[in-house]
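Here are the chains, one letter per residue:
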Amino acid sequence: VYVAEFAALLWPFQFGIALVLGMQFLVHAFHALLDKYLPGAPPGSTCSQAFIQFDLTNMFNAASQMKMMRYRSDLVPIFDLLYYDANMCWYQKLDESWDVFPGQRFRSGLPIKPFPCLQCAPPNPPSPTQQTDAQSSCLQSLGQLW
Amino acid sequence: MMARDLSLPAWGHTWMVLFPYVNAGFAIHNFQELGAPHGLHLNLDKTKKLTTLDPEVPAADPDLLQVLELIKQANCLTCGTTYLGSPSSCHSYVSEQLDSAADAFDVSCIAIQAQLSDHHTQLTLFTKCLQATVPHLLAADVLLWAPGALHPIDPYQWSSLFVSRLNASTASFLAYITGQPITCFNISLLQWFLAHTPVASGGLSLQDFAAQEVASFVIPLAHSIHFVA
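Here's a quick rundown of the structure.

**Quick word on the pattern of salt bridges**
Pairing between side chains of opposite charge can happen when the charged atoms of each approach one another.
All names here are of chain B.
Part 1 of the reasoning: Tallied over the entire structure, the rule returns two salt bridges over all chains.
Part 2 of the reasoning: Note that Arg 165 and Asp 106 form a salt bridge whose closest N and O atoms lie 3.1 Å from each other. Linking Arg 165 in helix α6 (residues 161–177) with Asp 106 in helix α3 (residues 91–115), this pair joins segments that are 59 residues apart in sequence.
Part 3 of the reasoning: Residue Arg 165 is classed as partly exposed on the basis of its relative accessible area of 23%.

Structure, rendered in structure tokens:
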């Protein structure tokens, strides 16, 4: 439903969404740069460069999901879909009864989170208490919407 | 930022940047300073530095000492790293990572058989979840073994230790799901073909790693050429 809208917002900086092995070209590019610049690589490589693998604290969870939904109210149906029953994973136990995997409804790796996050990232990471409050508030609001 | 050649973004909060030695420390310091007002904070426990692919050939440079002070000693990589799930480095490191992946595949395959009882659920988990954990590693396997492979390579029948182990696990799973004893289960070419045929065509829709391996390497490589040329 949202393919065209996501494509307009993410292009040309996102390659891996909705494409099998879409990010693999980055791995090849990385291999080529390793061979070109690092010691221990094939002859002809130089030794004056270093790779830094940056890692950010979990920006997506730090951002207020209420603000995300206010900014992108048209995405609320998708949030609903991903955070509630449609995302439950069922399995059959040995006694032939069925159960769900606990805690699997919340998708911290939600692929569409980055771009709403960019609009409402807080200046400082929230404390664990603030984060829990924000999540509870968000879930409560979602429950009302549902 | 002073990324001289190429910045390789990955999933939202992790990415790789190539810096001249002299700029590496400066980049980390400035990222922290400039990113904070926008809610972007570096996780120095997970930020890593890769300067060599051979532990016997360390990259000794005074400018790197500045970086060493900022990140954890354990994150100063000397024999390779895993980027976007694919191991990248010397032969031994990549080989070790692929062995680990094949071990994990075996363990999960046995767990599906031992801990669940419904064959339909088992088959669904095997094809949709377990087999889906492998394709991003196929290109690394090709890159590892292609230089020593016998040419011409058959693009539809790649052979390597990694693929052989995956196929052995798949064959044992097929034996289990069809009620055959694993020890004397000798799968024919026709049975193998049928198991890898799409469900819509009457098969089980298993992935044939030997058939897709070369394509998994060549197609993304073609996409990447203009980034590294």
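**Describing the nonpolar core**
Part 1 of the reasoning: Ranked by size, the top nonpolar core spans 24 residues in total, and within it Phe 126, Val 134, Phe 162 and Phe 173 of chain B carry the most contacts.
Part 2 of the reasoning: Taken together, the elements giving at least two residues each to this core come down to α3, α4 (119–130), α5 (135–145), α6 and α7 (189–195) of chain B.
Part 3 of the reasoning: Beyond its immediate sequence surroundings of up to four residues, Phe 126 of chain B is in contact with Phe 105, Cys 109, Ile 112, Gln 131, Thr 170, Phe 173 and Leu 206 of chain B.
Part 4 of the reasoning: The next biggest cluster of nonpolar side chains, apart from the first, holds 15 residues, and it includes Ile 52, Phe 54 and Leu 56 of chain A together with Cys 76 of chain B.

**Thoughts on the side chain of Gln 113 of chain B**
Part 1 of the reasoning: Looking at the element boundaries, Gln 113 of chain B is found in helix α3.
Part 2 of the reasoning: Each residue touching Gln 113 of chain B, except ones within four places of it in the same chain, is listed here: Gln 122, Ser 172, Phe 173 and Tyr 176 of chain B.

**So, the packing of α4 of chain B against α6 of chain B**
Residue and element names in this part refer to chain B.
Part 1 of the reasoning: Orientation of α4 relative to α6, taken along the N-to-C sense of each, is 165°, at an axis distance of 11 Å. As far as their axial angle goes, α6 and α4 are roughly antiparallel. Viewed along their axes, α4 and α6 form a crossing whose handedness is left-handed. Where α4 approaches α6, its residues His 119, Gln 122, Leu 123 and Phe 126 are matched on the opposing element by Thr 170, Phe 173, Tyr 176 and Ile 177.
Part 2 of the reasoning: The class makeup of the residues in the contact of α4 with α6 is five nonpolar, three polar and no charged.

**Comments concerning the packing of α3 of chain B against α6 of chain B**
Packed helices, taken two at a time, are described by the angle between their axes plus the distance between the axes.
Residues and elements named next belong to chain B.
Part 1 of the reasoning: Contact geometry for α3 and α6: axes closest at 9 Å, N-to-C directions at 5°. For the element pair α3 / α6, the angle class is roughly parallel. Contacts between α3 and α6 involve Leu 98, Asp 99, Ala 101, Ala 102, Asp 103, Phe 105, Asp 106, Cys 109, Ile 112 and Gln 113 from the former and Leu 161, Phe 162, Arg 165, Leu 166, Ser 169, Thr 170, Ser 172, Phe 173 and Tyr 176 from the latter.
Part 2 of the reasoning: Of the residues that constitute the contact of α3 with α6, the class distribution is eleven nonpolar, four polar and four charged.

**Details of unusual backbone geometry**
Part 1 of the reasoning: Despite not being glycine, Glu 96 of chain A has its phi angle at roughly 70°, a positive value.
Part 2 of the reasoning: With respect to the helices and strands, Glu 96 of chain A occurs in the loop between β2 (90–92) and β3 (98–100).

**Let's talk about the environment of Thr 133 of chain B**
Part 1 of the reasoning: Take Thr 133 of chain B: it is sitting in the loop between α4 and α5.
Part 2 of the reasoning: Considered as a pair, Thr 133 of chain B and Gly 148 of chain B are 15 residues apart in the sequence and their alpha carbons are 26 Å apart.

**Brief notes about the pairing of strand β6 (residues 86–89) of chain B**
Residue and element names in this part refer to chain B.
Part 1 of the reasoning: Of the strand pairs in this sheet, strand β5 (residues 80–83) and β6 are connected by four bridges, and their pairing is antiparallel. Residue pairing across strands places Gly 80 opposite Ser 89, the latter belonging to β6.
Part 2 of the reasoning: Count of turn residues in the β5/β6 antiparallel hairpin: two residues, of which Leu 84 carries a positive phi of about 55°.

**Quick notes on the packing of aromatic side chains**
Part 1 of the reasoning: In total, this model carries six aromatic pairs over all chains according to the counting rule given.
Part 2 of the reasoning: Consider the rings of Phe 30 of chain A and Phe 51 of chain A, whose centres lie 5.0 Å apart with planes at 85°: the pair is edge-to-face. Residue Phe 30 of chain A is located in helix α2 (residues 24–37), and its partner Phe 51 of chain A is located in strand β1 (residues 49–55); the two are separated by 21 residues in the primary sequence.
Part 3 of the reasoning: Taking the relative accessible area as the measure of exposure, Phe 30 of chain A reaches 0% and is therefore buried.
Part 4 of the reasoning: You can call Phe 51 of chain A buried: its relative accessible area is 1%.
Part 5 of the reasoning: Look at Phe 30 of chain A and Tyr 83 of chain B: their rings are 5.0 Å apart centre to centre, the planes differ by 55°, and that puts the pair in the tilted class. With Phe 30 of chain A in helix α2 and Tyr 83 of chain B in strand β5, this residue pair bridges two chains.
Part 6 of the reasoning: Within the aromatic cluster, the residues linked to one another by ring pairs are Phe 30 and Phe 51 of chain A together with Tyr 83 of chain B.

Conventions we followed
Residues numbered from 1 in each chain as written. Chains lettered and ligands numbered in written order. Predicted model: local features only at pLDDT ≥ 70, side-chain atom pairs only at ≥ 80, totals over all residues. Heavy atoms only, no water. Salt bridge = Lys/Arg side-chain N within 4 Å of Asp/Glu carboxyl O. Helix = DSSP H or I, 4+ residues; strand = E, 2+ residues; numbered from the N terminus. Buried < 20%, exposed > 50% of the residue type's maximum accessible area, 1.4 Å probe, protein only. Core = buried A, V, L, I, M, F, W, Y, C linked by side-chain atoms within 4.5 Å. Contact = heavy atoms within 4.5 Å. Axes fitted to C-alpha atoms, helices over the stretch in contact; angles between N-to-C directions. Parallel < 35°, antiparallel > 145°, perpendicular 65-115°, else oblique. Left-handed = near helix turned anticlockwise from the far one by under 90°. Nonpolar A, V, L, I, M, F, W, Y, C, P; charged D, E, K, R; others polar. Pairing = 2+ DSSP bridges. Phe/Tyr/Trp six-rings, centres within 6.5 Å; stacked < 30°, edge-to-face > 60°.

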